[in-house]
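# Report on the structure
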Amino acid sequence: MPRFTQDEVARLLAVIDTATAVGNRDYAMVRLAVSTGLRCGDITDLRLESIDWRRDEIRIVQRKTSATLALPLTAEAGNAVADYVLNARPASDAPEVFLRAYAPHVKLTGPTGALIMRRYLAAAGIHHKAGDGKTFHALRRTLGTRLIETGTELPMTAQILGHSRIDSSKRYIALDTDSLRECYLPLTGFGCRAEALQ
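Notes on the structure in this doc start here.

Definitions and limits used
- Residues numbered from 1 in each chain as written.
- Predicted model: local features only at pLDDT ≥ 70, side-chain atom pairs only at ≥ 80, totals over all residues.
- Heavy atoms only, no water.
- Helix = DSSP H or I, 4+ residues; strand = E, 2+ residues; numbered from the N terminus.
- Buried < 20%, exposed > 50% of the residue type's maximum accessible area, 1.4 Å probe, protein only.
- Arc of directions from axis to C-beta.
- Pairing = 2+ DSSP bridges.
- Phe/Tyr/Trp six-rings, centres within 6.5 Å; stacked < 30°, edge-to-face > 60°.
- Contact = heavy atoms within 4.5 Å.

So, about unusual backbone geometry. With an omega of -5°, the peptide bond between A103 and P104 qualifies as cis. Here P104 lies in the loop between α4 (75–87) and α5 (112–120). Positive phi outside glycine occurs at D56, with the angle close to 55°. Along the chain, D56 turns up in the loop between β1 (51–52) and β2 (57–61). We note that S66 has phi near 65°; this positive angle belongs to a residue other than glycine.

The next point concerns α5. T112, G113, I116, M117 and Y120 are the residues of α5 that are buried. Projected down its long axis, α5 carries its buried residues within an arc of 130°, all on one side.

Attention now moves to the sheet that holds β1. If you walk across this open sheet you meet the three strands as β1-β2-β3, and the pairing is antiparallel. Every other strand in the sheet has two partners, leaving β1 and β3 (68–72) as the edge strands with one partner each. Note: β1 against β2, two bridges, orientation antiparallel. Bridging from a neighbouring strand, I51 pairs with I58 of β2.

Taken as a whole, this structure holds one aromatic pair when the rule is applied. A centroid spacing of 5.4 Å and a plane angle of 25° characterise the contact between Y84 and F98, whose relative ring orientation is stacked. Highlighted residues: Y84 in helix α4 and F98 in the loop between α4 and α5, separated in sequence by 14 residues. The same class applies to Y84 as to F98, namely buried.

Examined against the element boundaries, H127 turns out to sit in the loop between α5 and α6 (137–149). By relative accessible area, which is 67% here, H127 ends up exposed. H127 has contacts with D132 and K134, leaving out every residue within four places of it along the chain.

This brings us to the pairing of β3. Side chains L69 and L71 of β3 all project onto a buried face; the interleaved residues T68, A70 and P72 project onto a face where none is buried. Bridge analysis of β2 against β3 gives five bridges, and the strand direction is antiparallel. By the bridge assignment, V61 is partnered in β3 with T68. Adjacent in sequence and paired antiparallel, β2 and β3 are bridged by six residues, among which S66 carries a positive phi angle near 65°.

So, in structure tokens, the structure goes:
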């Protein structure tokens, strides 16, 4: 499953120009995806009332599963969203957090994630071609892998990502190549020679 390295994530965030309304919004959305693993559809559906600023928490009903999900709002993501809401979000009665930068100022629709990635991947020096999986959804896979790499238990990873079944989170173990290297058994016998594996 394609994902981004931490260096690629840093480069992606660094090239977004937060001095513009569009950049400010896109930065907040990418920050939110990186720190919560929310799907793009759940980010575009996110409502102002869904953010509990006092508890630093987001509570949503996932579009894909219809299950309620409560997630911590990290300082980086919270500050990015707050900066957008206070300084770049257009004046609008729309209940959603993230809106079109140009009139009509309504919720984002269509291939939002794809458009965001198209704006910034090349500028970040991240090679991308159709079908390679370097998509907005890869930010979710990146978080899932990072959780496993840092020792987060599988049930907790499943809870954070909003998976209804733990099996859905097992795929992230396969992406944790460092841990896999620690526990693999060297091939011996069966006529295998060490030189043949070099």
